[in-house]
Amino acid sequence: MGTIDVCDLTRDYGNNKGVFHLNFSISEGEVFGFLGPNGAGKTTTIRHLMGFLKAQQGSCTIGGLDCWKDAAQIQKNLGYIPGEIAFFDEMKGSAYLAFLQSYRGMKNAGRTKELIDRFSLNPDGKIKKMSKGMKQKIGIVAAFMHDPAILILDEPTSGLDPLMQNRFVELIMEEKKRGKTILMSSHLFEEVEKTCDRIGIIRSGQLVALDDAQSLCARHVKTYTVTLENEETALCFAKDFDGVQNAQQRNQVTVTAKQTLEEIFLHYYGEEQQK
Amino acid sequence: MNRTLYKKEMKGSFKLLLIFAGILTMYITMIVGMYDPDLSDAIRQFEKLMPDLMAAVGMTGGNDTLGGFLSSYLYGMIMIVFPMVYSIIRANGLAAKYVDRGSMAFLLAAPVKRVTIAVTQLAALISGIVLLLIYCTVLEYTAAQIMFPGELPFAQLIRLNAGLLCLQLFIGAFCFLCSCIFNESKHSVAVSAGVTAFMYVLQMLANMGGKLENIKHATFFTLFRPEGLLLANTSAWIGAAVLFFSAVCFSVAAIVIFKRKEMQV
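Per chain, the residues get numbers from 1 upward, laid out in the order the sequence is written. Each chain is given a letter, starting from A, and each ligand a number, starting from 1, according to the order in which they appear as written. Local features in this predicted model are restricted to residues whose pLDDT is 70 or higher, and side-chain atom pairs enter the listing and the counts only when it is 80 or higher, whereas totals over whole chains, interfaces and linings include all residues.

**Student:** How should the overall build of chain A be read in this particular structure?
**Tutor:** Secondary structure elements are taken from DSSP: a helix is a run of H or I of four residues or more, a strand is a run of E of two residues or more, and numbering for both begins at the N terminus. Counting secondary structure elements, chain A contains 10 helices and 13 strands. Comment: burial labels come from other C-beta atoms within 10 Å of the residue's own C-beta, placed from the backbone, where a count of 20 or more is buried, 12 or fewer is exposed, and between is partly exposed. Expressed as a percentage of its 275 residues, the buried residues of chain A come to 38%.

Given below as structure tokens:
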């Protein structure tokens, strides 16, 4: 049993929308990348984990506690960034963070200041007037301020500029080192490749791939055997293209073309359109 | 109850409370000032000229004391409708609006039980209503004491407003129930405002008397009887008690629904 367990989770919205018999488990200290095209069921799954929705069938547990019944207990040690961030618009950013701190029953500001500095956030304006990126930063601070052991992040870098995306990736790597369990949905391959131990790809509410990043890539290896004029050119070719010279036929070279994660994702994403 | 959330919501109610307090101040001072112990002729003439309309808004004199005067001219419409509008707006803002907008996610994503959230929001709504009515009571009494010293017995006013509080709690709890049932602001407002306004229209029709009087059995406003409360009639107290008890039932239902409902936030 892992820290986050999703067992046969089903929610049928009709018209093949929803999630169906979803099974996965995230162990302690693992960073899990949750990927899939728009409308595949990522956010629906996350809403179940957060206890916003009740499982129609199956169950989800975090740390052995039921995500629906024991939501408040689970939330003590959980940080969450919603896919669509909606704050109390009339509040100022700083007032909002102060509100959350007190609302959560935190004794002090926790990591708030450090995080504000890290993301060069100016929280003094009204949230309503802030740009998407600014709001996202506030969402990040709100999710990490109480230094939770478990993080559920729904497209955490949407709206951030590349520099801030990098800072976010750094933050995730640090948290990973500190032993945090993280579930992160994303559309950014680089981000996922850098941070995630394992990747689950969901499509039309069903898990279509679940493995670590290397294995996923290894599964999609294409090999070519190239026959060249003579042994010498073969040797050069092998050197230039990172190939292996055939032991018997010395003028033949085998090269393997690794697909990038991006290509693999597109492969999984695209299947839907082919249907 | 979560104190931080309660404080935030009371702050959020403040502006609206101020506006409604302002409107009520204007009406209360005006109507108290209109009272003439010797002859409330002008209004009686209105009554003679258009009895149906005056009856519809509950303005049927008959009682010559200041209490009686206020019960017909203030508690027929003004003291009912304005706090009611406050409840409709605020109840929607305390639950349905957050779910609709998605900001409820942040309230749920914290170690605070759903029941606690619902109780806090309801407490903020009720506090607003109580504050508004306390303000009205103080204002009415002060205005009466200044303009007509000794004409308005304090006990009478307290009875009147205690009954009114039961009615307003009933309306508030009903609006909060709507706010907890619906996930969209517009549905919550449509039902809470629609039902209460329709009930009030029925009350107006019933007040016009004749055959229409039977309509009074179809509206909860009948349970609020200002004239009866002035005289401390048992039936008026029973009406208020029924309203209060129903308010408690609506509140419990609202909290249970909020606890169990699924939120797409």
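Now, onward.
**Student:** Can you help me understand the overall build of chain B in this one?
**Tutor:** In terms of helices and strands, chain B carries 12 helices and zero strands. Secondary structure elements in chain B, listed N-terminal to C-terminal, are α-α-α-α-α-α-α-α-α-α-α-α. Computation of the radius of gyration draws on C-alpha atoms, with the globule rule given as 2.2 Å multiplied by the number of residues to the power 0.38. By the compact-globule yardstick of 18 Å for 265 residues, chain B fits well, its C-alpha radius of gyration being 20 Å. Expressed as lengths along the three principal axes of its C-alpha atoms, the size of chain B is roughly 65 × 40 × 30 Å. Evaluated residue by residue, chain B yields a buried proportion of 43% over its 265 residues. Within chain B, residue pairs in contact and separated by at least 24 positions form 77% of the contacts whose partners lie at least 6 positions apart. Any residue pair is listed as a contact if its two C-beta atoms, each placed from the backbone, are within 7 Å.

**Student:** Just checking my understanding: could you explain the domain arrangement of chain A for this structure?
**Tutor:** In many reports, interface size means the accessible area that the parts give up when they come together. Residues and elements named next belong to chain A. All domain edges in this entry derive from an automatic or database-based domain assignment. Under the domain assignment, chain A is made up of domain 1 (4–212) and domain 2 (217–274). With centres defined by C-alpha atoms, the gap from domain 1 to domain 2 works out at 38 Å. Here the term charged refers only to Asp, Glu, Lys and Arg, the term nonpolar to Ala, Val, Leu, Ile, Met, Phe, Trp, Tyr, Cys and Pro, and the term polar to all other amino acids, Gly among them. Classifying every residue of the side of domain 1 that touches domain 2 gives seven nonpolar, one polar and two charged.

**Student:** I'm lost on unusual backbone geometry in this one. Help?
**Tutor:** If a residue is not glycine, its phi is most likely negative; likewise, a peptide bond is most likely trans. All names here are of chain A. We note that Asn16 has phi near 65°; this positive angle belongs to a residue other than glycine. Summarising the element assignment, Asn16 is placed in the loop between β1 (4–14) and β2 (17–26). Judged by the 10 C-beta atoms lying within 10 Å of it, Asn16 is exposed.

**Student:** Please explain the nonpolar core as it appears in this structure.
**Tutor:** A general feature of soluble globular proteins is that nonpolar side chains tend to end up buried together. Ranked by size, the top nonpolar core spans 141 residues in total, and within it A:Val141, A:Ile152, B:Phe170, B:Ala173, B:Phe176, B:Leu243 and B:Ala254 carry the most contacts. Of the residues forming this core, the biggest block, 16 residues, is contributed by helix α9 (residues 154–181) of chain B. Mapped onto the domain boundaries, this core takes at least three residues apiece from domain 1 (4–212) and domain 2 (217–274) of chain A. Once residues within four sequence positions are removed from consideration, B:Phe176 is found in contact with B:Ala91, B:Leu94, B:Ala95, B:Leu122, B:Leu125 and B:Ala254. For the purposes of this analysis, a nonpolar core is taken to be any set of buried Ala, Val, Leu, Ile, Met, Phe, Trp, Tyr and Cys residues that are connected through C-beta atoms within 7 Å.

**Student:** Hey, could you run me through the packing of helix α1 (residues 3–34) of chain B against helix α5 (residues 78–94) of chain B in this one?
**Tutor:** Geometrically, a packed helix pair is captured by the angle between its two axes and the distance between the axes. Residue and element names in this part refer to chain B. Where α1 meets α5, the closest approach of the two axes is 11 Å, and the angle between their N-to-C directions is 165°. Taken together, α1 and α5 sit at an angle that is classed as roughly antiparallel. For the element pair α1 and α5, the recorded crossing hand is right-handed. Residue-level inspection shows Glu9, Gly12, Ser13, Leu16, Phe20, Ile23, Leu24 and Tyr27 of α1 in contact with α5, the latter providing Ile78, Phe82, Tyr86, Ile89, Arg90, Gly93 and Leu94. Of the residues that constitute the contact of α1 with α5, the class distribution is 10 nonpolar, three polar and two charged. Angles shown run from 0 to 180 degrees and are taken between the N-to-C directions of axes, each axis being a line fitted to C-alpha atoms and, for helices, limited to the stretch in contact. In what follows, roughly perpendicular refers to angles from 65 to 115 degrees, roughly parallel to angles under 35, roughly antiparallel to angles over 145, and oblique to any angle outside these ranges. Rotating anticlockwise by less than a right angle from the far helix to the near helix defines a left-handed crossing, while the corresponding clockwise rotation defines a right-handed one.

**Student:** Would you take a moment to explain α9(B) for this structure?
**Tutor:** Helical geometry: 3.6 residues make up each α-helical turn, so side chains three or four residues apart lie on a common side. End to end, α9(B) covers 40 Å across 28 residues, agreeing with the expected 40 Å (1.5 Å per residue, within 8%). When you tally the buried positions in α9(B), you get 22 out of 28 residues, the bulk of the element. How far a helix is expected to stretch is found by multiplying one less than its residue total by 1.5 Å.

**Student:** Any chance you could explain the interface of chain B and chain A here in plain terms?
**Tutor:** Taken together, the contacts link 18 residues of chain B with 19 residues of chain A. The set of elements that each furnish at least two residues to the side of chain B that touches chain A consists of α1 and α7 (104–108) of chain B. Tallied by class, the residues present in the side of chain B that touches chain A amount to 10 nonpolar, four polar and four charged.

**Student:** Can you help me understand the sheet that holds strand β4 (residues 57–62) of chain A in this one?
**Tutor:** Picture the strands of a sheet paired through backbone hydrogen bonds; they go either parallel or antiparallel. Residues and elements named next belong to chain A. Pairing in this open sheet of four strands is antiparallel, and the strands run β2-β1-β4-β5 from one edge to the other. Two strands close off the open sheet at either side, each with one partner strand: β2 and β5 (65–66). Any two strands between which DSSP finds at least two bridges are classified as paired. One ladder, built from two bridges, connects β4 with β5; its direction is antiparallel. Directly across from Thr61, in β5, lies its bridge partner Asp66. Contacts from helix α1 (residues 42–49) reach β1, β2 and β4, with the element oriented near 120° to β1.

**Student:** Where do I start with the pairing of strand β13 (residues 252–258) of chain A in this structure?
**Tutor:** Every regular strand shows the same layout, with side chains that alternate between the two sheet faces. Direction of pairing for strand β11 (residues 221–227) of chain A relative to β13(A): antiparallel, over a ladder of seven bridges. By the bridge assignment, A:Thr223 is partnered in β13(A) with A:Thr256.

**Student:** Any chance you could explain the sheet that holds β11(A) here in plain terms?
**Tutor:** A sheet is described by the order of its strands in space; here three strands give the open sequence β11-β13-β12 (chain A), paired in antiparallel fashion. The sheet is open, and its two edges are formed by β11 and β12 (244–245) of chain A, each paired on a single side.

**Student:** Please clarify how the pairing of strand β8 (residues 181–185) of chain A should be interpreted in this entry.
**Tutor:** Residues and elements named next belong to chain A. The buried count for β8 comes to five of five residues, which makes it a mostly enclosed element. On β8, burial covers both faces: Thr181, Leu183 and Ser185 on one face and Ile182 and Met184 on the other are all buried. With four bridges joining them, strand β3 (residues 31–35) and β8 adopt parallel strand pairing. From the neighbouring strand, Val31 faces β8, where its bridge partner is Ile182. At this point the chain moves from strand β7 (residues 150–154), through helix α6 (residues 162–177), to the parallel β8, and the crossover so formed is right-handed. A crossover gets the label right-handed when its path from the first strand over the helix to the second runs clockwise, viewed with the strands pointing away from the viewer.

**Student:** In this structure, what is going on with the environment of A:Leu49? I would like to understand it.
**Tutor:** All names here are of chain A. When you line up the elements, Leu49 lands in helix α1. Taking the C-alpha atoms as reference points, Leu49 and Gly159, separated by 110 residues in sequence, lie 24 Å from one another. Among all residues touching Leu49, those that are not within four sequence positions of it are Ile4, Cys60, Ile62, Cys67 and Ile152.

**Student:** Quick question: what am I supposed to make of α1(A) here?
**Tutor:** Most of α1(A) is tucked away: seven of the eight residues are buried. Every buried residue belonging to α1(A) is among A:Lys42, A:Thr44, A:Thr45, A:Ile46, A:Arg47, A:His48 and A:Leu49, and all of these are buried.

**Student:** Honestly, the packing of α5(B) against helix α8 (residues 114–147) of chain B in this entry has me stumped. Any pointers?
**Tutor:** All names here are of chain B. Look at α5 against α8: their axes get within 10 Å of each other, and the N-to-C directions meet at 160°. Of the possible angle classes, the one that applies to α5 and α8 is roughly antiparallel. Seen along the crossing, α5 lies across α8 with a hand that is right-handed. Between α5 and α8, the residues in contact are Met79, Pro83, Tyr86, Ser87, Arg90, Ala91 and Leu94 and Gln121, Ala124, Leu125, Gly128, Ile129, Leu132, Leu133 and Cys136, respectively. Classifying every residue of the contact of α5 with α8 gives 11 nonpolar, three polar and one charged.

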